[in-house]
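# Residue-level structure breakdown
So the chains spell out like this:
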Amino acid sequence: MARSVPPRLKFQILPKIRNLSTPEGPLGRIKQLQKLVGAIIQYERIESQWSRADEARGYVERLIQEAVQNGPNHKPTMELANYWLVDKDLVHKLFKVLVPRFQNYTRAYTSMFPLPLKMPGRVNYKAVLELKGNAYPHVVPHHHDNHHTLLNQLLSAANDEYRQQKLAEKLSALNISMAQFGDEDKATGDAYSGAEEDGKGRTAADDNEEAAGGSPDKTTTAA
């Protein structure tokens, strides 16, 4: 009887397994992965080193995919669940809680996000691994458009009114300054015109005096 090929996972994985460094060797690697797989099924969001979280993610995806497709009555699937989930209460959660949640999923069941590096110090790449649809707040906040809410509409109207008031005050101050500048310019022009007329009057008087007999200075010099 030919063995059925397991379905392809819904996200890309490495072609080779990672060699996780543990004192116990390959057995310690399996224990670490069992611990991580059980933690993600139990808490639905964990924080770990990037390499360990990414390695455990593939086994979590495979476990959930087999449970969704085959159900609890499939013996190989139950053996797989019993192997990875040391806490047997998590087997019940897998089939009764997670399978109905992911029944109609067409994408990966998990998400992974890198965490910021802590500097200075040793570079340690860490990540958050979570099951989709959990009850926690989003790791990356979703920005909703709240512009049309009542509070934001009131704040926007108050902001527009404030700006119009400030603009009116500036225009009023500018008009006053222009009026004052116009009055000063008019007064200066009137004074200049009066001085010019006085100059013209003195020049005419001098001309009349010279026509009558010359200036007194010239008469004295001639005598």
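See the structure shown above.
Residues numbered from 1 in each chain as written. Predicted model: local features only at pLDDT ≥ 70, side-chain atom pairs only at ≥ 80, totals over all residues. Heavy atoms only, no water.

### Considering the overall build of the chain
Helix and strand content of the chain: six helices and three strands. In the chain, the order of α-helices and β-strands from amino to carboxyl end is α-β-α-α-α-β-β-α-α. For the chain, buried positions account for 26% of its 223 residues. (Helix = DSSP H or I, 4+ residues; strand = E, 2+ residues; numbered from the N terminus. Buried < 20%, exposed > 50% of the residue type's maximum accessible area, 1.4 Å probe, protein only.)

### Topic: the pattern of salt bridges
Enumeration according to the criterion identifies eight salt bridges in this entry. A salt bridge links Glu-130 to Arg-45, with the nearest nitrogen and oxygen atoms 2.6 Å apart. Note that Glu-130 is positioned in strand 3 (residues 126–131) and Arg-45 in strand 1 (residues 45–49), a separation of 85 residues in sequence. By relative accessible area, which is 24% here, Arg-45 ends up partly exposed. Ionic contacts of the salt-bridge type, sharing partners, join the residues Glu-44, Lys-93 and Arg-101 into one network. (Salt bridge = Lys/Arg side-chain N within 4 Å of Asp/Glu carboxyl O.)

### Describing helix 1 (residues 26–43)
Here helix 1 spans 26 Å end to end across 18 residues, near enough to the 26 Å set by a 1.5 Å rise per residue. Taken as a whole, helix 1 has its buried residues at Gly-28, Arg-29, Leu-33, Gln-34, Leu-36, Val-37, Gly-38, Ala-39, Ile-40 and Ile-41. Where helix 1 is buried, its residues touch strand 1, helix 2 (50–70), helix 3 (75–84), helix 4 (89–101) and strand 3. Glu-44 occupies a position one or two residues after helix 1 and carries a positive phi of about 70°. (Expected span 1.5 Å × (residues − 1). Contact = heavy atoms within 4.5 Å.)

### Some points on the environment of Met-78
Topologically, Met-78 is positioned in helix 3. Met-78 gets classed as partly exposed once you look at its relative accessible area, which sits at 23%. Spatially, the C-alpha atoms of Met-78 and Ala-67 are 8.2 Å apart, while their sequence positions differ by 11 residues. Ignoring anything within four residues of it in the chain, the contact list for Met-78 reads Pro-72, Val-91 and Phe-95.

### Re the side chain of Glu-130
Among the residues examined, Glu-130 registers a relative accessible area of 9% and is labelled buried. Within polar-contact distance, the side chain of Glu-130 engages the side chain of Arg-45 at 2.6 Å. Of note is the side chain of Glu-130, whose polar atom sits 3.2 Å from the side chain of Asn-134. When residues no more than four places from it in sequence are discounted, the contact partners of Glu-130 are Ile-40, Glu-44, Arg-45, Tyr-109, Thr-110, Ser-111, Phe-113 and Val-139. (Polar contact = N/O pair within 3.5 Å; in protein donor to acceptor, adjacent residues only side chain to side chain.)

### Some points on the environment of Pro-116
Residue placement: Pro-116 occurs in the loop between strand 2 (110–114) and strand 3. Residues Pro-116 and Lys-126, spaced 10 residues apart in sequence, show a C-alpha to C-alpha distance of 7.8 Å.

### Examining the packing of helix 2 against helix 3
Relative orientation of the contacting elements helix 2 and helix 3 amounts to 145°, with a least axis distance of 10 Å. Every pair of crossing elements has a handedness; the one defined by helix 2 and helix 3 is left-handed. Together, Tyr-59, Leu-63, Glu-66, Ala-67 and Asn-70 of helix 2 and Thr-77, Leu-80, Ala-81 and Trp-84 of helix 3 make up the contact between the two elements. Its residues assigned to classes, the contact of helix 2 with helix 3 comprises six nonpolar, two polar and one charged. (Axes fitted to C-alpha atoms, helices over the stretch in contact; angles between N-to-C directions. Left-handed = near helix turned anticlockwise from the far one by under 90°. Nonpolar A, V, L, I, M, F, W, Y, C, P; charged D, E, K, R; others polar.)

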